[in-house]
Each structure stands twice: as structure tokens, then as C-alpha cells.
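Single-letter residue listing:
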Amino acid sequence: MPSGQRAQWKGFLKFGEVSCGVALYTAASTSERITFNTINKATGNRVNRIFIDSETEDPVPKEAQTKGFEIENGQYIIIDPEEISAAIPESNKTLEIEAFIPCSDVDDVYFDKPYYLTPDKMGGDAFAALRDAMKKSMVAAIARTVLFRRMRTVLIRPHGKGLIASTLNYDYEVRSSEKAFEEMPKLKIEGEMLDLAKHIICTKKGEFDPATFDDRYEAALADLVKAKLEGKSLPKPKKVQVSKPNDLLAALRESAGMMRAADDQPKRTAANANQGTGRQRAARGVASKAASSGAAPRRKAS
């Protein structure tokens, strides 16, 4: 069990006639992001959300609210929360594996949310047997169960010492790629332009290392909060110049030249990146400034 983490779901993992107790833990979280409250400019007080009737504009208390499905403009079928609860499939708390498939068979556009799948204390042997067999066979597992009040399809893959379970989008939830690209012109790039683009790709090859990725948006928010606390203003960002078709070849040539020059520069290492993200460095500056000044913003930004 991950230290300090609460399981999002507990149940059983079943393959064939073998089953073991398992738990799901959130693998990715947004809880560390900077968040803001909505404030009344005139008073500096936090604003509360109130539901009002769209016609009478009178406030509607929670006990008077229900659900409705719109069939026409302004016409609704009223559905009580109890009816919705009755329609939810019953959960048997079992992730039952229906098939094993090659890991590459699932288009990543279907991936929804990842969860770490861990065994309980009594099911370690069965869990490890499944994990190791899947690793050697280079397969993933398709399973189905009720998760968070919905019937979900889950893709299970070996991951480190355990398994990772990713909920999958249904086919009707995934938009057609043909529609997304239908207005793209049919262009064939060749000759020097293609060679230069390939050269740039070759000189920029690397490895996937998430430790080197900075969340620039979060870092910018932390810088903004720090600047406001110190009574400073941030410089305006430079506008990105989009390459025009007539200038594309010149831009590719310039980029290729820059890539050659960059080959002689020392590479940034993951160790340097792990000194802290831009957001973490800026956030530490905010906290340090607030502590030394003995003052804090009237409302917390995160």
C-alpha cells in the first residue's frame, strides 16, 4: 500500500479460476496545481455560487433541485436522483480479465485515467504470477468492472513491481480522426525541405524523461503570485512568429544551422532538472518572501 495514499477502489482481480485481492491508487493527480478562488473586487471577500431559476431568477435551495434531460428547447424529462441510482449497474467488486492482447493493440486516444494496481497482503503470489507471465508474454489485459458508479473497461499492464490499470474511453466518446483532418490539404513535401526537416529531427533525438519537463504554466502562475506579493509586474511575453509558407525553407535552413551549433554545447542533464521545477523554485520564493515579511496575501492562491 502506498504510504499516505488512500485506495480509490478495493476489490478482486480474477483471471481464469484464480483471483486475488487488489486495490487501485490514483497514478496522476492535479492536487498540486495552483488554484484560485473567485473574489468580490469591491469587498475582497470570496464569492459563493448560488443556483437560480432561469425564468423567475429566484434562488433554488439544494433540496428543491433535481435532474432533467432536455428533449426540446426548454422541455425536460424530470429524473429523480433515486432513479439514477437505481439505473447504475451493481458492482461485484471484481476486475475480471476477459482477454489478453498485444500491448500495442490499443490506440492511446482511448486512454482515460491511470491507476496503480496493487495486491493485498494475502494475494501477493497470484498477483506476481500474473504480472510476470504478462511481462514474458508481452501482453496487456482487458477487464471490466463497475468503477466510481460506472461500468468501465480497463486496460491492465505490467508496471514496475506491480500493474497499472488505465480506464478506457468508450468508442462513442472518441471523436473521429477523419473529421478532425478532413480539411487538411494534400501536400507532399520532398527535396531539400524534407531533408532539412529530417536533419533537425536527427539532431534533436533524445529519451523520454519526465523529470526534465517543467510545467511552464504553473511556474508562470507562481511567478505571478510572487510578483504580486512583492509589488512587482511581470514582463510581457514575446509573441510567437508563425512561419509563413514563403519563409518556411529559410526557417528550416536556419534551424538546421542552429542544430549543428547546438551539437557543440553541453547537454542539460536530468540531474540538473531534478533540482526543482520552475513552479517549485518560484513557489519557494513566494513562501520565503511571505515568511520574511511577516505578511501573507489576504486569500491563498493555492
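Residues numbered from 1 in each chain as written. Predicted model: local features only at pLDDT ≥ 70, side-chain atom pairs only at ≥ 80, totals over all residues. Heavy atoms only, no water.

Peer 1: An account of the overall build of the chain is needed here, citing residue identities and associated values.
Peer 2: Across its full length, the chain holds eight helices and nine strands. Considering the chain as a whole, with its 302 residues, one finds that 23% of them fall into the buried category. Long-range pairs, those at least 24 residues apart, make up 65% of the contacts in the chain between residues at least 6 apart in sequence. For the chain, the accessible surface area stands at approximately 23500 Å², while carbon and sulfur atoms represent 53% of it. (Helix = DSSP H or I, 4+ residues; strand = E, 2+ residues; numbered from the N terminus. Buried < 20%, exposed > 50% of the residue type's maximum accessible area, 1.4 Å probe, protein only. Contact = heavy atoms within 4.5 Å. Areas by Shrake-Rupley, 256 points an atom, 1.4 Å probe, with all protein chains shown as cover.)

Peer 1: Before we move on, can you summarise helix α4 (residues 192-203) with the specific residues and values?
Peer 2: An ideal rise of 1.5 Å per residue puts 16 Å on 12 residues; α4 measures up with 16 Å between its terminal C-alpha atoms. When α4 is considered as a whole, its buried residues turn out to be Leu196, Ile200 and Thr203. Angularly, the buried residues of α4 cover 70° about the axis, an arc narrow enough to put them on a single face. Projecting away from the buried face of α4 at angles above 90 degrees are the exposed residues Ile201 and Cys202. (Expected span 1.5 Å × (residues − 1). Arc of directions from axis to C-beta.)

Peer 1: Which residues make up the confidence of the model for the chain, and what are the values?
Peer 2: Note that predicted coordinates carrying low pLDDT should not be read in detail. Per-chain confidence: the chain averages 80 in pLDDT, with 81% of residues scoring 70 or above. Taken element by element, the chain is modelled with least confidence in helix α7 (residues 270-273), mean pLDDT 40, and with most confidence in strand β9 (residues 162-168), mean pLDDT 94. For residues 268-279, every residue scores under 50 in pLDDT, and the model assigns this stretch 20 contacts once sequence neighbours within four places are set aside. Contacts of residues 293-302 to residues separated by more than four positions or lying in other chains number 16 contacts, the stretch itself having pLDDT below 50. (pLDDT = per-residue confidence, 0-100.)

Peer 1: So what's going on with the sheet that holds β9? Which residues, and what values?
Peer 2: If you walk around this closed barrel you meet the seven strands as β1-β2-β6-β9-β8-β7-β5, and the pairing is mixed. Strand-to-strand twist in this sheet, taken as the mean axis angle between neighbours without regard to direction, amounts to 40°. The sheet contact formed by strand β7 (residues 139-147) and strand β8 (residues 150-159) spans seven bridges and is antiparallel. Paired with Arg144 across the two strands is Thr153, which belongs to β8. Of the strands in this sheet, β1 (9-15), β2 (18-26), β5 (94-102), β6 (111-119), β7, β8 and β9 are in contact with helix α2 (residues 124-137), which crosses β9 at around 75°. (Pairing = 2+ DSSP bridges. Axes fitted to C-alpha atoms, helices over the stretch in contact; angles between N-to-C directions.)

Peer 1: Could you give me a rundown of the packing of aromatic side chains, with the residues and numbers involved?
Peer 2: Overall, the coordinates contain two aromatic pairs when judged by the stated rule. Aromatic pair Tyr115 and Phe148: ring centres 5.8 Å apart, planes at 40°, arrangement tilted. Placement of Tyr115 in strand β6 and of Phe148 in the loop between β7 and β8 is noted, with a sequence separation of 33 residues between them. Aromatic pair Tyr170 and Tyr172: ring centres 5.9 Å apart, planes at 10°, arrangement stacked. (Phe/Tyr/Trp six-rings, centres within 6.5 Å; stacked < 30°, edge-to-face > 60°.)

Peer 1: Can you lay out the side chain of Thr153 for me, pointing to particular residues and giving the numbers?
Peer 2: Tracing the chain through its elements places Thr153 in strand β8. For Thr153, a relative accessible area of 14% translates into the label buried. Reaching out from Thr153, the side chain makes a polar contact with the side chain of Arg144 at a distance of 3.4 Å. Once residues within four sequence positions are removed from consideration, Thr153 is found in contact with Ile142, Ala143, Arg144, Ser166, Thr167, Leu168 and Tyr170. (Polar contact = N/O pair within 3.5 Å; in protein donor to acceptor, adjacent residues only side chain to side chain.)

Peer 1: Account for helix α5 (residues 216-230), naming residues and giving values.
Peer 2: Across its 15 residues, α5 extends 21 Å between first and last C-alpha, which sits within 8% of the 21 Å expected from 1.5 Å per residue. Three or more residues of α5 are buried, namely Glu218, Ala219, Leu221, Ala222, Val225 and Ala227. Among the residues trailing α5, Gly231 stands out with phi positive, at a value near 75°.

Peer 1: Can you break down the side chain of Arg152 residue by residue, with the values?
Peer 2: Checked against the element boundaries, Arg152 lands in strand β8. A residue is classified by how much of its surface remains accessible, and Arg152, at 10% relative accessible area, is buried. A distance of 3.0 Å separates polar atoms of two side chains, one belonging to Arg152 and the other to Asp112. Once residues within four sequence positions are removed from consideration, Arg152 is found in contact with Asp112, Ala143, Arg144, Thr145, Leu147, Thr167, Leu168 and Tyr170.

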